[in-house]
Amino acid sequence: MSTTLSAPPLGLLLEDIVRRHRPRQDAGSVPGNIPFLATVPFDRFGIAVATTSGEVFSSGDAGVPFSIQSISKVFTLAMALQGGRSAALWSRVLREPSGTSFNSLVQLEAEKGIPRNPFINAGALVVTDHLLEETPDAAAQLLRFLTEQAGNHAPEPGQHAPFIDEDAAAGELAGSSRNLALAHFLKDFANLTQPAGVVVENYVRQCSIMMTCVQLARAGLFLANDGQGTTGRVLAPSEAKRIGSIMLTCGMYDAAGEFAYRVGLPGKSGVGGGILVIVPGQCAICVWSPRLDAKGNSLAGTAALADLSDRTGWSVF
Ligand code: GLN
């Protein structure tokens, strides 16, 4: 794959990124409503790059499973767009940056129950409801999708295939008043067909899927590869392009502009500290470091991606 001439080979570059960006002190925050995330050591840092030519490079804690949280929203959107019912979905959720935090209630009330985009919580609840119209368990369907896209092969000794951490999900559900409030708002505006509690419970289980950087980079490859996944076509090229566009404009919530400025690539973060980034035509990158900035995005992960894009020249601009 082509990088700038001055950059070292990718494997060495990733090792250097880990050396430079692995946190040495406990700065940043963890979300207060998800007890499991507070138990993750602050100095975890991993990065993996899966290329469209079929190679995977990784460094640091790239084989350690972490909670994917909102990165799940990219994949549930992809699943929703696979079904041939995308017109129905797009009548219920917009594709505009929100400029508000991922779990904000204010905009949803002002805009009469139509979420700004599928990557804020309200939008993901609508996507979940849309999926639940056709499957009893969208989280289980998501797990199958991710496992297949991650390569489905037996993980290395001591490693797990992707799994739902049901205890972490139960812990988050107990602190989900805000997501329940969003779901009840949606219901009141007739933008939810299932009961609010059912949708939130399923959504929280999607967020509690545990995967490694290597698995997530592989799973996201179809977005960098015109919709072509590890085991065949996932989406039409135009749909893959559109998901990339929504990642660029909405993937980092109210920090989407800042992330586009610093990294110049479509990305999707989760409050577990993971960020999935797409370099169209070249690779998918997953970085993970658990401590977050004020907008809920990985502090060290964002800095590492800015550094990596500067040093490789990878950018959509
Ligand atoms: N499960 C989290 C929530 O709903 C996901 C948020 C995130 O990763 N930004 O609050």
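Summary of the structure given here. (Residues numbered from 1 in each chain as written. Predicted model: local features only at pLDDT ≥ 70, side-chain atom pairs only at ≥ 80, totals over all residues. Heavy atoms only, no water.)

This next bit is on the overall build of the protein. Looking only at helices and strands, one finds 14 helices and 10 strands in the protein. Here the C-alpha radius of gyration of the protein, 18 Å, is about what a compact globule of 317 residues would show, namely 20 Å. Principal-axis analysis of the C-alpha atoms places the extent of the protein at approximately 55 × 40 × 40 Å. The buried share among the 317 residues of the protein stands at 56%. Accessible surface for the protein amounts to roughly 12,400 Å². Of this, 53% is attributable to carbon and sulfur atoms. Here the protein holds 24 positive side-chain charges and 28 negative ones, and the gap between their average locations is 3 Å. (Helix = DSSP H or I, 4+ residues; strand = E, 2+ residues; numbered from the N terminus. Rg over C-alpha atoms; globule rule 2.2 N^0.38 Å. Buried < 20%, exposed > 50% of the residue type's maximum accessible area, 1.4 Å probe, protein only. Areas by Shrake-Rupley, 256 points an atom, 1.4 Å probe, with all protein chains shown as cover. Lys, Arg positive; Asp, Glu negative; His and termini not counted. Charge placed at Lys NZ, Arg CZ, Asp CG, Glu CD.)

Moving on, we get to the pairing of strand E10 (residues 283-288). Working note: regular strand, side chains alternate between the two faces of the sheet. The buried fraction of E10 is high, at 6 of 6 residues. Bridge analysis of strand E1 (residues 46-51) against E10 gives 6 bridges, and the strand direction is antiparallel. Paired with Thr-51 across the bridge in E10 is Cys-283. In this structure, strand E9 (residues 274-279) lies alongside E10, joined through 6 bridges in antiparallel fashion. Bridge assignment links Ile-275 to a residue of E10, and that residue is Val-287. (Pairing = 2+ DSSP bridges.)

Bringing the side chain of Glu-239 into the picture now. Inspection of the secondary structure assignment puts Glu-239 in helix H12 (residues 237-250). Every residue in contact with Glu-239, bar those within four places of it in the chain, is listed here: Leu-81 and Ser-86. (Contact = heavy atoms within 4.5 Å.)

Attention now moves to the site of the ligand. Taken together, 13 residues surround the ligand, and among them Gln-69, Ser-70, Glu-172, Tyr-203 and Tyr-253 come closest. A distance of 2.9 Å separates an oxygen atom of the ligand from a polar side-chain atom of Asn-179. For the ligand, an oxygen atom lies 2.8 Å from a polar atom in the backbone of Val-271. In the complex, 99% of the free accessible area of the ligand, which totals 300 Å², lies under the protein chains. Within the shell around the ligand, the residues separate by chemical class into 6 nonpolar, 6 polar and 1 charged. (Near = heavy atom within 4 Å. Polar contact = N/O pair within 3.5 Å; in protein donor to acceptor, adjacent residues only side chain to side chain. Nonpolar A, V, L, I, M, F, W, Y, C, P; charged D, E, K, R; others polar.)

With that settled, consider the packing of helix H2 (residues 72-82) against helix H5 (residues 121-132). Two numbers describe how H2 lies on H5: the axes approach to 10 Å, and their chain directions differ by 40°. Between H2 and H5, the crossing angle belongs to the class labelled oblique. Our pair here, H2 against H5, has a crossing hand that is left-handed. Packed against H2, whose contacting residues are Lys-73, Thr-76, Leu-77, Met-79 and Ala-80, the element H5 presents Asn-121, Ala-124, Val-127, His-130 and Leu-131 at the interface. (Axes fitted to C-alpha atoms, helices over the stretch in contact; angles between N-to-C directions. Parallel < 35°, antiparallel > 145°, perpendicular 65-115°, else oblique. Left-handed = near helix turned anticlockwise from the far one by under 90°.)

Read from one edge of the open sheet, 5 strands run E2-E1-E10-E9-E8, paired in antiparallel fashion. Only two strands of the sheet have a single partner each, and these edge strands are strand E2 (56-60) and strand E8 (267-269). Neighbour-to-neighbour, the strand axes of this sheet turn through a mean angle of 10°, independent of strand direction. With respect to the sheet, helix H14 (residues 299-312) is in contact with E1, E9 and E10, its orientation differing from that of E10 by roughly 145°.

Right, let's talk about the packing of H5 against helix H9 (residues 196-207) for a bit. Packing of H5 against H9 leaves a shortest axis separation of 9 Å and a crossing angle of 105°. For the element pair H5 / H9, the angle class is roughly perpendicular. Seen from H5, the contacting residues are Asn-121, Ala-124, Leu-125, Thr-128, Asp-129 and Leu-132; seen from H9, they are Val-198, Val-199, Val-200, Asn-202, Tyr-203 and Gln-206. Here the residues of the contact of H5 with H9 are counted per class, giving 7 nonpolar, 4 polar and 1 charged.

Moving on, we come to the sheet that holds strand E3 (residues 66-67). Taken together, 3 strands build an open sheet; the order of strands is E3-E5-E4 and the sheet is antiparallel. Of all strands in the sheet, those with a lone pairing partner are E3 and strand E4 (163-164), marking the two edges. Relative to strand E5 (residues 209-211), E4 runs antiparallel, the two being bridged by 2 bridges. Paired with Phe-163 across the strands is Met-210, a residue of E5. Where helix H6 (residues 138-149) meets the sheet, its contacts fall on E4 and E5, and the angle it forms with E5 comes to roughly 10°.

Moving on to the environment of Ala-236. Structurally, Ala-236 is set in the loop between strand E7 (232-233) and H12. Sequence-wise, Ala-236 and Gly-264 are 28 residues apart; in three dimensions their C-alpha atoms are separated by 24 Å.

Before going further, it helps to examine the side chain of Gln-194. On the secondary structure map, Gln-194 appears in the loop between helix H8 (177-188) and H9. Within polar-contact distance, the side chain of Gln-194 engages the side chain of Thr-193 at 3.1 Å. Apart from the residues lying within four places of it in its own chain, the contact partners of Gln-194 are Asp-129, Leu-132, Glu-133, Lys-187 and Val-199.

From the geometry alone we can't say anything about function, so treat these as descriptive.
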